[in-house]
Amino acid sequence: MKLSLVVPCYNEQDNVPLFYEAVKKDFAGAGFDYEIVFVNDGSRDGTLESLKALLAGDIPVKIVNFSRNFGKESAMYAGLKESTGDYVTVIDADLQQLPSIALEMVKMLDDEPEYDCVAAYQESRREKSSMVFFKNAFYKIVNKFTDVEFVPGASDFRTFRRNMVDAVLEMKEYSRFSKGIFSWVGFNTKYVPYVVQERASGSSKWTFGKLFSYAFDGIISFTTSPLRIPAYAGTVTTLVSLVYLLVSAVLRLGFHHPFTLQNVTVFLLLLLGGLIMMSIGITGEYLSKIYMQTKERPIYIVKEIFTNKKEG
Ligand code: UDP
Ligand code: MG
């Protein structure tokens, strides 16, 4: 049995050696083979030098050096692709996620064959209350409007079996939102609580703005329902225009109310507005189909096949 640790690194020069030492210490008596796949995501500090220094050590290390910063999502994809283990753990370089927990995740998968993935989630967050509020709102929106389910506080810190890694790699979409992808591919995930450690050194790359656009991307990647809004709004507006026409006619015929130019203008405005929005909505329906098709996601993912046929 072999484990691959996939480690995205962006400006982590001081954390890389600490991470390596922590792995070496925690995995000393692990009783299985392991490798570390570092992805240097266009770091601007001495991360690459720190990583290269590790090549002299005893642990099998692979360094994937990006030509520029592509973001953690791309780094994870590259790391998974380069990994060769039967189990793969995605873990940060900053020691906020302890390697010793990765070891426990592997044990869980060994003991519980019904699970294909063990994911860590944060039970309580050490964050500002405004941040916690936005994150909770995000999970509510995603779970209501998309066809994937996110467990609040779940992180990318996960250990997969190879079959699930291969399924994730089949998802070749350009704009990646891993939490959604991990859910979309199916399989059984066990969620275990963990407490995030303080960063060993350096600072987090997330700002509120970045997080917001990432969350927005996440929603857009897994639902096309916003494209339906014009269709709904257009239908309502068209109906309103017809009701308006009806009321004007009743007033004219029953109560000798004059039918003014203003009535005609309001009616036509509502009707045309409604029809235009409905047309945009129809275009949106086609657009959503094209959008989903361009992702070229697998049509299905097989977990296993059972047969009583003899091979050959
Ligand atoms: N990271 C990366 N590319 C980026 C940003 C971050 O590979 O563009 C790595 C980073 O080096 C770390 C992990 O992704 O190993 C998580 O990043 P960070 O600690 O900034 O996020 P946080 O822990 O605050 O969620
Ligand atoms: Mg971190």
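One can find the structure itself at the top, above this paragraph.
The notes below deal with the structure included here. Since the model is a prediction, treat every value here as computed from it, not as a measurement.

**Details of the coordination of the magnesium ion (ligand 2)**
Then step 1. In the first shell of the magnesium ion (ligand 2), the protein supplies D94 (OD) and Q96 (OE1), at 1.9 Å from the metal.
Then step 2. Accessibility expressed as a relative area gives 3% for D94, which makes it buried.

**Things to note about unusual backbone geometry**
Then step 1. For L95, which is not a glycine, the phi torsion comes out positive at approximately 65 degrees.
Then step 2. Within the element layout of this structure, L95 appears in the loop between β4 (87-90) and α4 (99-111).
Then step 3. If you check the backbone angles, E296 has positive phi at about 45 degrees while not being a glycine.
Then step 4. Its place among the elements puts E296 in the segment after α10 (261-294).
Then step 5. Look at E296 and you get exposed, because its relative accessible area is 62%.

**Concerning the pattern of salt bridges**
Then step 1. In this structure the tally under the stated criterion is 15 salt bridges.
Then step 2. Among the salt bridges present, the one from K2 reaches E35, with a minimum N-O distance of 3.8 Å. Taken together, the residues span a long stretch of sequence, with K2 in strand β1 (residues 2-9) and E35 in strand β2 (residues 33-40) at a distance of 33 residues.
Then step 3. Residue D94 is joined to R199 by a salt bridge in which the shortest nitrogen-to-oxygen separation is 3.3 Å. Separated by 105 residues along the polypeptide, D94 in the loop between β4 and α4 and R199 in the loop between β7 (189-194) and α8 (208-222) bring together distant segments of the chain.

**Overview of the packing of helix α5 (residues 129-145) against α8**
How two helices sit against one another is set out by the angle between their axes and by the gap between those axes.
Then step 1. Between α5 and α8, the least distance of the axes is 10 Å, while the angle of their chain directions is 10 degrees. On the basis of the axis angle, α5 is roughly parallel to α8. Taking contact as the criterion, the partners of M131, F134, K135, F138, I141 and V142 in α5 are, on α8, F208, L211, A215 and I219.
Then step 2. For the contact of α5 with α8, the per-class residue count stands at nine nonpolar, no polar and one charged.

Calculation notes
- Residues numbered from 1 in each chain as written.
- Chains lettered and ligands numbered in written order.
- Predicted model: local features only at pLDDT ≥ 70, side-chain atom pairs only at ≥ 80, totals over all residues.
- Heavy atoms only, no water.
- Donors = N, O, S within 2.8 Å, 3.2 Å for Na, K, Ca; no water.
- Buried < 20%, exposed > 50% of the residue type's maximum accessible area, 1.4 Å probe, protein only.
- Helix = DSSP H or I, 4+ residues; strand = E, 2+ residues; numbered from the N terminus.
- Salt bridge = Lys/Arg side-chain N within 4 Å of Asp/Glu carboxyl O.
- Axes fitted to C-alpha atoms, helices over the stretch in contact; angles between N-to-C directions.
- Parallel < 35°, antiparallel > 145°, perpendicular 65-115°, else oblique.
- Contact = heavy atoms within 4.5 Å.
- Nonpolar A, V, L, I, M, F, W, Y, C, P; charged D, E, K, R; others polar.

Honestly, that's just the spatial picture; any functional story needs more than this.
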